[in-house]
Amino acid sequence: MLRRPIRRLVLPAAIAIVLVTGGCSAAGFAPSGSATPLSAPTFEPTPSSTAGGAPGAAADSTGTLEAQRLPVLMGEQGVPAGSGASVDDVLRLGAVVLWADAPDSFSLSVPASEECWPTALPAYAAGGGAIGVDLIAAEGCAVGDAVRTFSFDVPDGVEVGDGVDVVISGLEAGTGTAALPAP
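Below is a short write-up of the structure. No experiment lies behind these values; they were computed from the predicted model shown. (Residues numbered from 1 in each chain as written. Predicted model: local features only at pLDDT ≥ 70, side-chain atom pairs only at ≥ 80, totals over all residues. Heavy atoms only, no water.)

**Overview of the environment of P111**
With respect to the element layout, P111 can be found in strand β6 (residues 105–112). Judged by its relative accessible area of 17%, P111 falls in the buried class. Distance in space between the C-alpha atoms of P111 and D88 is 9.6 Å, their sequence separation being 23 residues. For P111, the contacting residues outside a window of four places in its chain are V90, L91, G94, V143 and A146. (Helix = DSSP H or I, 4+ residues; strand = E, 2+ residues; numbered from the N terminus. Buried < 20%, exposed > 50% of the residue type's maximum accessible area, 1.4 Å probe, protein only. Contact = heavy atoms within 4.5 Å.)

**Looking at the packing of aromatic side chains**
Overall, the coordinates contain two aromatic pairs when judged by the stated rule. Taken together through their ring pairs, the aromatic side chains of F106, F150 and F152 make up a single cluster. Geometry around W117 places R148 over its ring, the cationic atom sitting 3.9 Å from the centre. (Phe/Tyr/Trp six-rings, centres within 6.5 Å; stacked < 30°, edge-to-face > 60°. Lys NZ or Arg CZ within 6 Å of the ring centre and 35° of its normal.)

**With respect to the environment of T119**
Locating T119 in the fold gives a position in strand β7 (residues 119–120). For T119, a relative accessible area of 15% translates into the label buried. Separated by 17 residues in the primary sequence, T119 and I136 have C-alpha atoms spaced 5.2 Å apart. Ignoring anything within four residues of it in the chain, the contact list for T119 reads V72, L73, M74, D134, L135, I136 and F150.

**Comments concerning the nonpolar core**
Taken as a class, soluble globular proteins show a tendency for nonpolar side chains to be buried jointly. With 22 residues, the main nonpolar core has F106, L108, L135 and I168 as its most contacted residues. At the level of secondary structure, the elements contributing two or more residues to this core comprise β5 (96–101), β6, β9 (131–136), β10 (146–153), β11 (164–171) and β12 (174–180). Residue contributions to this core peak at four residues, all from β11. Excluding residues within four positions of it along the chain, L108 makes contact with A95, V96, V97, V133, L135, R148, T149, F150, F152 and I168. The next biggest cluster of nonpolar side chains, apart from the first, holds six residues, and it includes V90, L93, V96 and V147. (Core = buried A, V, L, I, M, F, W, Y, C linked by side-chain atoms within 4.5 Å.)

**Topic: the pairing of β12**
Within β12, five of the seven residues are buried, leaving the element largely enclosed by the surrounding structure. What sits between the antiparallel neighbours β11 and β12 is a turn of two residues. (Pairing = 2+ DSSP bridges.)

**With respect to the pattern of salt bridges**
Under the criterion given, the structure shown has one salt bridge. With a closest N to O distance of 2.9 Å, D89 and R92 form a salt bridge. Placement of both D89 and R92 in helix α2 (residues 87–93) is noted, with a separation of three residues, approximately one turn of the helix. Given the relative accessible area of 37%, R92 is considered partly exposed. (Salt bridge = Lys/Arg side-chain N within 4 Å of Asp/Glu carboxyl O.)

**Examining the sheet that holds β5**
Taken together, four strands build an open sheet; the order of strands is β4-β10-β6-β5 and the sheet is antiparallel. Each of the sheet's edge strands pairs with one partner strand only, and the pair in question is β4 (76–77) and β5. The pairing of β5 with β6 spans five bridges and is antiparallel. Bridge pairing links D101 to S105 in β6.

**Some points on the pairing of β9**
The buried fraction of β9 is high, at five of six residues. Direction of pairing for β7 relative to β9: antiparallel, over a ladder of two bridges. For A120, the partnering residue across the bridge sits in β9 and is L135. As judged from the four bridges shared by β9 and β11, these two strands associate in the parallel manner. Residue pairing in the sheet places I131 in a bridge with V166 of β11.

Shown next, in the form of structure tokens:
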């Protein structure tokens, strides 16, 4: 008779433990264990077409674009282990950028769905000392309640000593800029 009430408490207690230790965070709060405070990227509407082509394309002498062969990154499901970021952080902020191995590599976590997620092109040096990242979303993909994380090397020629902005294009909310603090 005593067993039944205890069983009814196990699931709620387990959920409470997961919520307490899982890194759930309120707005403006950096999860515990995170060496990098999380900040919301700023978004601007994305134009329907980009004049001049993508950074992975080169113009030939006739002015037409010839696409270079670039590796496409598939990313991994979830947030980086040990980062202190949570799925809720990514869904709330729209994207999370963290150092993976400062100052050589960083990760970008974006909202996705379990069945359909964006891919990414390698990071590149953008104007003004920023790092550019282009995501390619499949047509008809709805943003779900999952997260996809991509790992990038810091491009040659980008100085990250005082921190650097990461300009992310291809997000549903538009083009986003997230600050990656000094390593």
